[in-house]
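Descriptive analysis of the structure
Below, each chain spelled out in residue letters.
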Amino acid sequence: MSKKYLLAIDQGTSSSRAVLYDHGAQVVASAQQEFPQIYPQPGWVEHDPEAIWDSVTAVTEGAMQKVNAGAADISAIGITNQRETTVIWDRETGDCVYNAIVWQDRRTAAFCQSLKNDGLEPTITDKTGLRLDPYFSATKVAWILDNVEGVRKRAEVGKLAFGTIDSFLLWRLTGGRVHATDATNASRTLLFNIHTQEWDDELLQYFSVPRALLPEVRDCAADFGTALDDCLGGDVPVCGIAGDQQAALIGQAGFSDGMTKSTYGTGCFVIANTGNKALRSENQLLTTIAMRIDGNVTYGLEGSVFVAGSAMQWLRDELRIIDSAAASEAIAKRTGVVSDVHVVPAFAGLGAPHWDPDARGAILGLTRGSGRDEIVTATLQAVAYQTRDLVDAMSDDGIKPAVIRVDGGMVANNWFLQFLADILDIPVERPTNVESTVLGAAYLAGYGAGIVKSVRELSALWQPDKVFEPQMNAEHRDRLLRGWQVAVNRVRTAEPKL
Ligand code: ADP
């Protein structure tokens, strides 16, 4: 029987998905399953690694069953995953020593602060491109080592393994034979030197993490071993791994310098490909590994907005002024661009480039005539303004995107994308397949397995659905942006940066 499918596994923060693609990167079948979130204390977020594993095997089986596929039909597996989330397990039994500590978890804030007080942040940022923040894996690893009895000792003598979710899944899929990760996931741990492409002894020492815990770091498209019979009913090679945002850039075929993608799901994540240059941001953006293919490291500049699609959920669930996120489009179309009302959805503070965690949301500029339609439209506009702030920060750091490729649930909204193009003043491109993250994992699997022969061939698989060209005149745009800046400054708790 000839192999005809690629299996992409997308292990996300709230659900796991498996998608089968044919060799032309067209979706053949998919399955998705949510799993429980665990909140042991305010600010703590955990996942049960067994629940993650069970959901991954269930969706894999589910997708395969839909088209009656067996392991013999699958050429290769690609994995993409929620980044930074930390798991430690026993190399012998495979049992995890603690729940997975999720990227959102803030329990290690005091540890981060103490390292900052010791003056270590500049060195850490130089080596990793990241901020010293609980978000990343290193302090989560240290927390498990220091808070679960006996674990540090076992870690020091090599009995335990650390992994981000990709690494944990790979270990399980390969029956404990492969303990590896890829360079994009490694670059989110605070332990990996993005310039030397190695785990860094000085960083390991700062965070008190024994080297014996760490996986081997490979390219994104590589031989990651073989998923065994008992998982898929036959042996299938694992040929691709990348963290979710990097996978989205790959799924958008963002292979050349300057190419930029913006993903609009719950939040918004922008990554610009900066080629072989690791740009150090002056605007608190992150420097990260965008991809490592054929041994070539491509760097990226990354910024995020905490609230994007979730602002639509806020309109729907809290204000109850729309029935569904999709209803925002008809309202905005009818209302047209709103100039005077600004919604600042700083529900969880302001991210890059403002970094004001204590800021909170506001609706400004209301008049007696302002109503539901203006608030809904202004909320959509706010997501575009926040993207503009990120893109301006990138431009200031030396990367000026000429176009931006978009994906995620919110890009179904044509009105939003036209406004985004108007505000960014660059074309916005939406692909036919807006599920870029999982598609990126499939691309990597196809390339790693030799089915797709070159990155150029991968680029040719990317298909545009619609390009939104900027149409707004400069004067109108500038007036809107000035209004937005005034609104943002009103919610800030710190002095605005000049
Ligand atoms: P995630 O992967 O973060 O769960 P998705 O990529 O599935 O998110 O996107 C879902 C988000 O997109 C939701 O927050 C939803 O409010 C928003 N959304 C979905 N459809 C639309 C639409 N037509 N207009 C605006 N927002 C939308």
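This structure is a prediction, so every number in the text was calculated from the model and none was measured. (Residues numbered from 1 in each chain as written. Predicted model: local features only at pLDDT ≥ 70, side-chain atom pairs only at ≥ 80, totals over all residues. Heavy atoms only, no water.)

1. Considering the overall build of the chain
- Counting its secondary structure elements, the chain contains 17 helices and 23 strands.
- Its C-alpha atoms give the chain a radius of gyration of 22 Å, within 12% of the compact-globule value 23 Å for 498 residues.
- Considered along the principal axes of its C-alpha atoms, the chain spans approximately 70 × 55 × 40 Å.
- A buried classification covers 61% of the 498 residues belonging to the chain.
- For the chain, the share of sequence-separated contacts (at least 6 apart) that also reach a separation of at least 24 residues comes to 71%.
- Only carbon and sulfur atoms are counted for the fraction: they give 47% of the accessible area of the chain, which is about 19300 Å². (Helix = DSSP H or I, 4+ residues; strand = E, 2+ residues; numbered from the N terminus. Rg over C-alpha atoms; globule rule 2.2 N^0.38 Å. Buried < 20%, exposed > 50% of the residue type's maximum accessible area, 1.4 Å probe, protein only. Contact = heavy atoms within 4.5 Å. Areas by Shrake-Rupley, 256 points an atom, 1.4 Å probe, with all protein chains shown as cover.)

2. Examining the sheet that holds strand β2 (residues 15-22)
- Strand order in the open sheet made by the six strands is β3-β2-β1-β5-β14-β13, with mixed pairing throughout. A single partner strand is all that each edge strand has here, and the edge strands are β3 (27-34) and β13 (226-227).
- In the sheet, β2 pairs with β3 via seven bridges, with the strands oriented antiparallel. Across the sheet, the residue bridging to Val19 is Ser30, located in β3. (Pairing = 2+ DSSP bridges.)

3. Details of the pairing of strand β17 (residues 286-293)
- With eight of eight residues buried, β17 is to be regarded as a mostly interior element.
- Taken together, the seven bridges between β17 and strand β18 (residues 296-305) define a ladder with antiparallel strand orientation. Its bridge partner being in β18, Met291 is matched across the sheet by Thr298.

4. Looking at the sheet that holds β17
- Read from one edge to the other, the open sheet built from seven strands follows the order β17-β18-β16-β15-β21-β22-β23, with strand pairing classed as mixed. One side of each edge strand has no neighbouring strand; the edge strands of this open sheet are β17 and β23 (464-468). When the angles between neighbouring strand axes are averaged without regard to direction, this sheet yields 30 degrees.
- Here three bridges tie strand β15 (residues 260-264) to strand β21 (residues 404-407), and the two strands are oriented parallel to one another. Residue pairing across strands places Ser262 opposite Val406, the latter belonging to β21.
- Strands β15, β16 (268-273), β18 and β21 of the sheet are contacted by helix α13 (residues 372-396), whose axis makes an angle of about 140 degrees with β18. (Axes fitted to C-alpha atoms, helices over the stretch in contact; angles between N-to-C directions.)

5. Structural notes on the packing of α13 against helix α17 (residues 474-491)
- Where α13 meets α17, the axes come as close as 11 Å, and the angle between the chain directions of the two elements is 90 degrees. Judged by the inter-axis angle, α13 sits roughly perpendicular to α17. Packed against α13, whose contacting residues are Ala382, Tyr385, Gln386, Arg388 and Asp389, the element α17 presents Arg477, Leu480, Leu481, Trp484 and Gln485 at the interface. (Parallel < 35°, antiparallel > 145°, perpendicular 65-115°, else oblique.)

6. A few points about the site of the ligand
- Residues in close proximity to the ligand total 13 residues, the closest being Thr266, Gly309, Gly409, Met410 and Asn413.
- Taking Asn413, its side chain carries an N or O atom lying 3.1 Å from a nitrogen atom of the ligand.
- The leading source of residues in the shell around the ligand is helix α11 (residues 309-317), at four residues.
- Tallied by class, residues from the shell around the ligand come to four nonpolar, nine polar and no charged. (Near = heavy atom within 4 Å. Polar contact = N/O pair within 3.5 Å; in protein donor to acceptor, adjacent residues only side chain to side chain. Nonpolar A, V, L, I, M, F, W, Y, C, P; charged D, E, K, R; others polar.)

7. A word on the pattern of salt bridges
- Counted according to the given criterion, the structure contains 26 salt bridges.
- Note that Asp244 and Arg83 form a salt bridge whose closest N and O atoms lie 3.3 Å from each other. With Asp244 in helix α10 (residues 244-251) and Arg83 in the loop between β5 (74-81) and β6 (87-90), this pair connects stretches of sequence that are 161 residues apart. Like Arg83, Asp244 is buried.
- Across the pair Arg107 and Asp105 runs a salt bridge, and its minimum N-O distance is 2.8 Å.
- Accessibility expressed as a relative area gives 1% for Asp105, which makes it buried. (Salt bridge = Lys/Arg side-chain N within 4 Å of Asp/Glu carboxyl O.)

8. Topic: the domain arrangement of the chain
- If you check the domain split of the chain, you get domain 1 (5-244) and domain 2 (253-431 + 463-498).
- Computed from C-alpha atoms alone, the centre-to-centre distance between domain 1 and domain 2 is 28 Å.
- Each side of the interface is counted separately: domain 1 has 23 residues, and domain 2 has 18 residues.
- Inspection of the domain 1/domain 2 interface yields four salt bridges.
- The interface formed by domain 1 and domain 2 includes 13 residue pairs in polar contact (both at pLDDT 80 or more).
- Ranked by residues supplied to the side of domain 1 that touches domain 2, first place goes to helix α3 (residues 121-128) with four residues.
- Partitioned by chemical class, the residues of the side of domain 1 that touches domain 2 number ten nonpolar, seven polar and six charged. (Domains from an automatic or database assignment.)

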